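Residue-level structural notes
One-letter residues, chain by chain:
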Amino acid sequence: MLQTQNLQKIFTTEEVETTALNGINLEIIDGEFVAIMGPSGCGKSTLLNILGLLDSPTEGSYNFHGTEVAKLSERQRARHRKGKIGFVFQSFNLIDELTVFENVELPLLYLKTPSMERKIRVESALERMNMMHRRNHFPQQLSGGQQQRVAIARAVVAKPKLILADEPTGNLDSANGKDVMKLLQELNNEGTTIAMVTHSPYDAGFSHRIIYLFDGKIVTENFHV
Amino acid sequence: MISNYIKIAWRNIIINPLYSVSNISGLALGLAICMLITLFVKDELSFDQFFTKKREIYRLVVEERSPEGEVRKFGQTGLIHGPSFQLQASAITNMVRYQQQHYAIKTDDDIVVQSAFLVDSTYFNMFDATFVDGNKYKALYDPQSIVITKKLAEKYFNTISAVGKSLNINFDEEFQNFTVSGVIENPPVNSSMQAEMLIPIHKSKNRDNQWINFYINTFFEIPEGTDIANVEKQFALIFATDAKDQIADAAKEWNYKDQLTFKLQPFLDIHLSKDFKAVNGMKESGNILFSYFLSGIALFILLIACINFINLAIARSVERSKEVGVRKAIGSTRKQLICQFLSESFLLNGFAFILGIILTYTALPVFNQLSDKQLDFSYLFDAKLLTIFIAIFLLTGLLAGFYPALLLSGFNPVETLYGRINLGGKNLLQKSLIVFQFSLASFFIIFAIVQYRQANLFVTKDLGYDDQNLIEIEADGMTLSKIGVVENELKKDPSVLNVSPINPCCWMTGVSTKDGKEMAPYMKVTNYNLINTMGLTMKEGRFFSPDFPGDSTQSAIVNESFVKAGNMKDPIGQTIKVMNRDNYQIVGVVRDYHHTSLYQTVQPQVFISNPQQGWGAFLIRISDKNIPKTLDHIKDVIKSQFPYPSLQI
């Protein structure tokens with residue numbers, strides 16, 4: 001699915017240079033569920049953003065689906081990202097002006113999916129997340145757990161091969177968090193590759209492999225059986 | 001996708017009412033002002049454009065240059081100039097004279113005063129008019145015929161089919177029947193030629209052949225492509241030959257030494273000319289500089305509105321940065337984001353346009369009142385203007401939407417998703433826009449204050465006399481005895497405080513001082529009462545007085561500016577010669593007061609009380625109590641003494 005070699009990310013401001021990632025060598029295979037853990041500021045989210053083609057590395061190589069994408073422009077990254085990667089964020093990041101249905105529909109609009117097919121796929125995703133009854137509501141009218149379920153529906157509606165989740169349960173109570181993790185696990189069981197940043201050992205327990213980062217480097221990898 | 005953009009745009013408008021209202025209303029206000037000014041400027045520039053021969057018509061104008069180099073410009077000439085020039089200058093294919101008069105008309109139960117125009121019978125060959133009744137080619141040939149507008153036909157005959165009906169008009173001092181030979185459409189509001197009643201000029205007994213007497217508009221029709229400078233040279237030769245004797249007599253009789261140059265003013269230039277203005281019943285002139293100035297203001301206001309729109313959009317972009325990040329993360333390209341923000345901009349723009357149109361429509365009556373115009377909202381619906389407004393719509397939408405769209409869509413998705421967007425410090429363009437917007441706004445505020453103070457000055461400026469509750473009424477045939485009767489009758493109402501006969505505004509005359517200095521001061525013909533009627537003050541000497549019976553033929557009063565212009569050290573007792581003919585002794589100097597426009601400094605003025613010079617109006621001072629009743633009393637008294645005058649109150 002993806003492979004990085006000696007990946008580096010350095011943030012430069014007028015005064016200082018900060019090394020966020022320092023020589024990351026990582027391979028995630030199709031169908032894998034990987035959790036990325038580590039203390040705050042260790043580079044977890046930076047790594048996730050580069051893997052999700054939202055950002056580009058300063059140095060190193062990144063092979064995504066057989067294509068070297070490390071040096072691609074913003075426009076080229078956007079083209080590769082579309083339909084292949086789904087995102088789930090800690091703060092849900094739903095668009096407040098759109099209804100639940102419209103939020104989930106958005107990735108399909110960008111993919112220019114025909115309207116009938118859009119409707120079927122959105123309804124299917126919402127049914128799966130048990131959110132059909134809320135299809136015409138706006139995000140502010142939903143609980144945190146419901147919003148995250150909508151966010152997951154939006155992430156999966158285009159049937160991406162890879163889902164990147166950045167602390168998906170960070171803003172949820174334990175019951176809702178557990179539901180979300182179960183949903184991710186189900187998606188993974190159906191073949192979707194998942195990379196998830198988390199602070200929660202419980203959530204990490206749903207993954208096949210836990211990668212620990214410290215000061216921008218991978219320090220340990222644990223495999224679950 | 002487009003419907004999604006519009007849906008989002010609409011919800012953004014609804015969800016952020018404060019932002020939407022301030023943005024839409026700001027732009028709408030800017031557009032409304034721009035539309036109103038466009039209407040005004042269009043009206044000014046469209047004056048007379050509908051005349052078929054607009055480029056072939058010229059007005060004969062004249063420049064009078066004194067030996068001292070002072071140049072006076074007249075838009076009028078005399079009765080003789082037109083026919084003489086037409087006869088000898090072969091390029092002239094048609095000539096029309098156009099002079100406004102006021103006539104008393106007897107109706108069934110009253111006598112009314114009506115404005116009418118004496119014109120040559122070829123008037124309708126030069127100036128287009130739509131005849132609703134009658135034949136334009138025969139309309140003005142019979143000297144006893146008149147042509148009237150639909151409005152007057154309805155007023156006097158209650159029908160527009162008035163051809164053959166007659167009106168009893170006080171013409172050349174006797175009531176005569178004139179037969180309506182044509183009824184024309186009311187003239188368009190943007191026409192300089194606003195005649196509602198036309199009478200053939202050959203009906204008039206006036207056979208004035210004076211070359212140095214200017215009181216009538218003369219128009220020539222000259223084919224396009226003619227060398228106008230050459231025609232003007234011909235005028236100079238004709239004048240030198242035909243007016244030779246009159247010029248010599250004038251030089252001998254009243255020391256006339258001025259040089260006259262006759263010129264041709266293109267008809268389309270008249271309305272906006274500041275040198276040769278529309279006069280003698282032609283619709284009042286505009287000012288092209290004012291139009292340019294207003295157009296500049298309209299552009300700047302629209303610019304401010306657009307910049308305001310952009311700045312508000314940028315200010316709000318921080319709130320929407322997360323949305324941009326999300327959209328990018330889930331697959332939107334930059335192009336799609338630009339389209340989205342542009343469609344929002346155009347939607348807001350559309351609302352602003354609709355609101356702007358409503359505001360324009362609502363404000364038009366007030367604007368018409370303020371600008372003394374009759375602008376019609378339908379003016380906006382002409383192909384050229386519609387194109388301009390569509391262009392403004394597109395330009396405003398693009399200007400106002402493109403920069404925020406470009407800025408927002410350029411955000412790095414990671415920075416926006418994690419709330420790390422910082423617009424401060426880097427955005428030079430936005431800073432420049434804000435500085436520009438505030439500078440322009442400050443300029444307009446200062447400009448408005450200056451204009452307010454200027455207008456206030458015009459209202460409150462001490463004119464040197466009491467200009468409140470002062471009425472001027474024109475009346476023909478004023479004699480000493482009639483003036484006495486009118487004064488006595490008027491004063492029966494205690495609200496009438498003072499009455500003075502005066503000559504109508506604004507005669508100028510030739511005056512020479514004892515040192516031989518030639519001057520051309522304004523002349524006021526009046527009597528001893530004027531000092532009280534106007535509230536003038538004396539600087540030295542005295543005003544006319546009934547105690548000095550010789551005043552009417554021997555005494556003159558001058559103002560301070562006259563003394564200054566004449567370099568007179570001790571004016572009282574000095575003799576001045578008026579019109580190179582009559583000698584008067586200066587018996588008093590009045591303090592300067594503004595008797596011409598406030599734009600001018602106070603001009604030299606001389607007062608005489610010689611009845612032979614003729615009066616033409618009453619100046620009446622009334623008290624500020626019960627004014628309507630006093631005005632009715634004044635009307636009754638004037639009408640009782642001047643039953644058939646061309647009087648206007």
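Residues numbered from 1 in each chain as written. Chains lettered and ligands numbered in written order. Predicted model: local features only at pLDDT ≥ 70, side-chain atom pairs only at ≥ 80, totals over all residues. Heavy atoms only, no water.

1. A short note on the packing of aromatic side chains
Spelled out, the test is: Ring pairs are drawn from Phe, Tyr and Trp, using the six-membered ring of Trp, whenever the two centres fall within 6.5 Å, and their geometry is named by plane angle: stacked under 30 degrees, edge-to-face over 60, tilted for the rest. Note on exposure labels: buried denotes an accessible area under 20% of the residue type's maximum, exposed denotes more than 50%, and partly exposed covers the range between, all computed with a 1.4 Å probe on protein chains only.
Using the criterion set out here, one finds 34 aromatic pairs over all chains in the structure. Consider the rings of Tyr-62 of chain A and Phe-64 of chain A, whose centres lie 6.2 Å apart with planes at 55°: the pair is tilted. By relative accessible area, Phe-64 of chain A is classed as buried at 1%. With 4.2 Å between their ring centres and 20° between their planes, Phe-85 of chain B and Phe-235 of chain B make a pair best called stacked.

2. Regarding the nonpolar core
Inclusion rule: What we call a nonpolar core is a set of buried Ala, Val, Leu, Ile, Met, Phe, Trp, Tyr and Cys residues that are connected through their side-chain atoms within 4.5 Å. Contacts: residue pairs with any heavy atoms within 4.5 Å of one another.
Of all hydrophobic cores here, the largest spans 41 residues; its most connected members are Leu-2, Leu-47, Leu-51, Tyr-62, Phe-64 and Leu-164 of chain A. For Leu-47 of chain A, the contacting residues outside a window of four places in its chain are Leu-7, Leu-21, Ile-24, Leu-26, Ile-36 and Leu-213 of chain A.

3. Section: a nonpolar patch on the surface
What counts is decided by this rule: Any residue with relative accessible area above 30% and no salt bridge may belong to a patch, with like charges joined within 9 Å and the nonpolar Val, Leu, Ile, Met, Phe, Trp and Tyr side chains within 5 Å. Shrake-Rupley sampling with a 1.4 Å probe provides the accessible areas, and residues are treated as covered by the protein chains on show and by no other component. When a carboxyl oxygen of Asp or Glu lies within 4 Å of a side-chain nitrogen of Lys or Arg, that pair is called a salt bridge. Secondary structure counts use DSSP, requiring at least four H or I residues in a row for a helix and at least two E residues in a row for a strand, with both numbered from the N terminus.
Residues Leu-29, Ile-33, Ile-354, Leu-355, Ile-358 and Leu-359 of chain B make up a contiguous nonpolar surface patch of about 480 Å² in total accessible area. Position of Ile-354 of chain B among the secondary structure elements: in helix H9 (residues 334-371).

4. A word on the pairing of strand S8 (residues 174-184) of chain B
Strand residues, when the strand is regular, have side chains that alternate between the two faces of the sheet. Residues and elements named next belong to chain B. Spelled out, the test is: Strand pairing requires that DSSP identify at least two bridges connecting the strands.
When strand S5 (residues 131-134) meets S8, the two strands line up antiparallel, connected through three bridges. Its bridge partner lying in S8, Gly-134 is registered against Gly-182. Where strand S7 (residues 166-171) meets S8, six bridges bridge the pair, whose relative direction is antiparallel. If you follow Asn-168 over to S8, its bridge partner there is Asn-177.

5. A few points about the interface of chain B and chain A
What counts is decided by this rule: Note on terms: buried area is the combined drop in 1.4 Å-probe accessible area of two parts once they are placed together, counting the loss on both.
Contacts between chain B and chain A engage 24 residues on the former and 22 residues on the latter. Where chain B abuts chain A, roughly 2300 Å² becomes buried across the two surfaces, and 59% of that area is made up of carbon and sulfur atoms. When the buried area of chain B at its contact with chain A is split by residue, Arg-11, Ile-330 and Tyr-418 of chain B rank highest and sum to 24% of it. One can count three salt bridges joining chain B with chain A. Note that Glu-102 of chain A is salt-bridged to Arg-11 of chain B, the shortest N-O span being 2.4 Å.

6. A closer look at helix H2 (residues 74-81) of chain A
All names here are of chain A. Worth spelling out the cut-off: Here the arc refers to the directions that run from the helix axis out to each C-beta atom.
By the burial criterion, the buried members of H2 are Arg-77, Ala-78, His-80 and Arg-81. The arc that holds the buried residues of H2, viewed along the axis, is 165°, so those residues lie on one side. Seen from the buried face of H2, the exposed residues on the opposite side, beyond 90 degrees, are Arg-75 and Arg-79. Gly-83 sits one or two positions beyond H2 and adopts a positive phi of about 80°.

7. Some remarks on the environment of Tyr-256 of chain B
Residue and element names in this part refer to chain B. Formally: We call two N or O atoms a polar contact when they sit within 3.5 Å, provided that within protein one can donate a hydrogen and the other can accept it, with sequence-adjacent residues counted only if both atoms are side-chain atoms.
When you line up the elements, Tyr-256 lands in the loop between helix H7 (244-254) and strand S11 (259-266). Separated by 44 residues in sequence, Tyr-256 and Ile-212 place their C-alpha atoms 10.0 Å apart. A polar contact of 2.6 Å, which involves the side chain of Tyr-256, links it to the side chain of Glu-64.

8. Points about the side chain of Gln-574 of chain B
Residues and elements named next belong to chain B. Among the secondary structure elements, Gln-574 is positioned in the loop between helix H16 (560-565) and strand S19 (575-578). From its side chain, Gln-574 meets the backbone oxygen of Asp-570 in a polar contact 3.0 Å long. Not counting the four nearest positions on each side in its chain, Gln-574 is found in contact with Lys-514, Met-568, Lys-569, Tyr-584, Gln-585 and Ile-586.

9. What to know about the side chain of Asp-48 of chain B
Residue and element names in this part refer to chain B. Our working definition: Asp and Glu are treated as the negative residues and Lys and Arg as the positive ones, with His and the ends of the chain left uncounted.
Locating Asp-48 in the fold gives a position in the loop between helix H2 (17-45) and strand S1 (57-65). The buried charged residue Asp-48 lacks any salt bridge partner; its closest oppositely charged side chain belongs to Lys-283, at an N-O distance of 9.2 Å. Dropping the residues within four chain positions of it, Asp-48 is found in contact with Lys-54, Asn-190, Ser-191, Ser-192, Phe-267 and Leu-268.

10. Let's talk about the sheet that holds strand S4 (residues 59-64) of chain A
Residue and element names in this part refer to chain A. The condition is simple: Axes here mean lines fitted to C-alpha atoms, for a helix over just the part in contact, with angles spanning 0 to 180 degrees between N-to-C directions.
Overall, antiparallel pairing links the four strands, which are arranged S2-S1-S4-S5 in an open sheet. Unpaired on one side and paired on the other, strand S2 (17-28) and strand S5 (67-68) mark the two borders of the sheet. Two elements, strand S1 (residues 2-12) and S4, share five bridges in a ladder whose sense is antiparallel. In the strand pairing of S4, Gln-5 is matched with Ser-61. Running over the sheet, helix H1 (residues 44-51) touches S1, S2 and S4 and is turned about 60° from S2.

11. Comments concerning the packing of helix H5 (residues 144-156) of chain A against helix H6 (residues 174-189) of chain A
Any two packed helices are characterised by how steeply their axes cross, that is the angle between the axes, and by the distance between the axes. Residues and elements named next belong to chain A. Here is the rule we go by: Between 65 and 115 degrees an angle is taken as roughly perpendicular, under 35 as roughly parallel, over 145 as roughly antiparallel, and anywhere else as oblique. Crossing handedness is read from the near helix: turned anticlockwise from the far helix by less than a right angle, it gives a left-handed crossing, and turned clockwise, a right-handed one. Note that Gly is not counted as nonpolar here; it falls among the polar residues with everything else outside the nonpolar set of Ala, Val, Leu, Ile, Met, Phe, Trp, Tyr, Cys and Pro and the charged set of Asp, Glu, Lys and Arg.
The interhelical angle for the contact between H5 and H6, taken along N-to-C directions, is 15°, at an axis separation of 9 Å. By the angle between their axes, H5 is roughly parallel relative to H6. As for how H5 packs across H6, the hand of that crossing is right-handed. Contacts from Gly-145, Gln-148, Arg-149, Ile-152 and Val-156 in H5 reach Asn-176, Asp-179, Val-180, Leu-183 and Leu-187 in H6. Of the residues contributing to the contact of H5 with H6, the split by class is five nonpolar, three polar and two charged.

12. Points about the environment of Leu-264 of chain B
Residues and elements named next belong to chain B. Here Leu-264 shows up in strand S11. Counting along the chain gives 35 residues from Leu-264 to Ala-229, while the straight-line C-alpha distance between them is 8.6 Å. Residues within four places of Leu-264 in sequence aside, it is in contact with Tyr-58, Arg-59, Phe-220, Ile-222, Ile-228, Val-231, Glu-232 and Phe-235.

13. Points about the confidence of the model for chain A
Atomic detail in the predicted coordinates should be set aside for any region of low pLDDT. Stated precisely, the cut-off is as follows: On a scale of 0 to 100, pLDDT captures the predictor's confidence in every residue.
Model confidence for chain A is summarised by a mean pLDDT of 91, while 99% of its residues fall at 70 or above. Summarising per-element confidence for chain A, the mean pLDDT is lowest in H2 of chain A (84) and highest in strand S3 (residues 33-37) of chain A (95).

14. Structural notes on unusual backbone geometry
Residue and element names in this part refer to chain B. For Asp-172, which is not a glycine, the phi torsion comes out positive at approximately 50°. The residue Asp-172 is located in the loop between S7 and S8 in this model. Unlike most non-glycine residues, Asn-626 shows phi in positive territory, near 50°. Given a relative accessible area of 47%, Asn-626 falls into the partly exposed group.

15. Topic: the sheet that holds strand S12 (residues 470-474) of chain B
Adjacent strands of a sheet form backbone hydrogen bonds with each other and so pair up, either parallel or antiparallel. Residues and elements named next belong to chain B. A sheet is described by the order of its strands in space; here three strands give the open sequence S12-S22-S13, paired in antiparallel fashion. In this open sheet, the two edge strands, each paired with only one partner strand, are S12 and strand S13 (496-502). In this sheet, adjacent strand axes meet at a mean angle of 20° when their direction is disregarded. Bridge analysis of S12 against strand S22 (residues 617-622) gives five bridges, and the strand direction is antiparallel. In the strand pairing of S22, Glu-474 is matched with Ala-617. Sitting on the sheet, helix H13 (residues 480-490) touches S13 and S22, and the angle it makes with S13 is about 165°.

16. Overview of the confidence of the model for chain B
Residues and elements named next belong to chain B. Considering every residue of chain B, the mean pLDDT works out to 87; 97% of them sit at 70 or more. Put simply, helix H10 (residues 383-409) is where chain B has its lowest mean pLDDT, 79, and strand S10 (residues 217-221) is where it has its highest, 97. The complex model carries a pTM of 0.65, and its ipTM stands at 0.90.

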